[in-house]
Amino acid sequence: MKNAAVKPDTKFLVVDDYLSMRRMVKSVLKDLGYNNVAEADDGSTALPLLCKGEFDFLITDWNMPGMPGLELLKAVRANERLAKLPVLMVTAEAKREQIVEAVQAGVNGYIIKPFTAEVLKEKLAKILNATAK
């Protein structure tokens with residue numbers, strides 16, 4: 001990664017209702033040197049895991065049953081212990097209004113599906129560099 005030192009102990013939570021997408025993101029993270037990756041299939045499964053305070057980075061989909069990604073993002077930002085957690089939204093939602101809504105809710109980065117491993121790598125580096133300061 002450019003500039004950002006890979007900290008192999010960084011713990012990621014990948015939230016997506018599609019197993020194939022979780023596996024793809026997990027595979028890219030592993031290729032980047034991150035082996036501490038947990039998964040959840042929607043926001044209502046992810047939030048209790050996040051509240052335990054064991055994660056350093058959240059990667060979430062927007063469209064999920066139960067609790068969608070935007071609702072999860074808002075819950076994270078409203079929680080005093082989680083408020084500064086870096087959040088990357090990975091979604092098929094490309095409408096400007098939705099991107100603006102995610103930014104206003106406090107997302108650190110936004111990737112539109114489909115995407116390449118290189119795009120994910122660059123976005124992670126940018127967020128990790130910004131939050132490390």
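A brief structural summary. (Residues numbered from 1 in each chain as written. Predicted model: local features only at pLDDT ≥ 70, side-chain atom pairs only at ≥ 80, totals over all residues. Heavy atoms only, no water.)

### Section: helix α2 (residues 43-51)
Quick reminder of the rule: Partly exposed describes any residue whose relative accessible area lies between the buried limit of under 20% and the exposed limit of over 50%, with all areas from a 1.4 Å probe on protein chains only and scaled to the type maximum. For helices the rule is a DSSP run of H or I covering at least 4 residues; for strands it is a run of E covering at least 2, with both sets numbered from the N terminus onward. Think of it as the arc spanned by the lines of direction from the helix axis to the C-beta atoms. We call two residues contacting when some pair of their heavy atoms lies within 4.5 Å.
Buried residues of α2: Gly43, Ala46, Leu47 and Leu50, and no others. Buried residues of α2 fall within an arc of 105° about the axis and therefore sit on the same side. As for α2, its buried residues are in contact with β1 (11-15), β2 (36-40), β3 (57-60) and α3 (69-78). Of the residues flanking the end of α2, it is Gly53, one or two places downstream, whose phi is positive at about 75°.

### Remarks on α3
Burial in α3 covers these residues: Gly69, Leu70, Leu72, Leu73 and Val76. The arc enclosing the buried residues of α3, seen along the axis, measures out at 160°, which places them on a common side. Looking at the buried side of α3, the elements it contacts are β1, α2, β3, β4 (87-91) and α4 (96-104).

These figures capture arrangement, not role.
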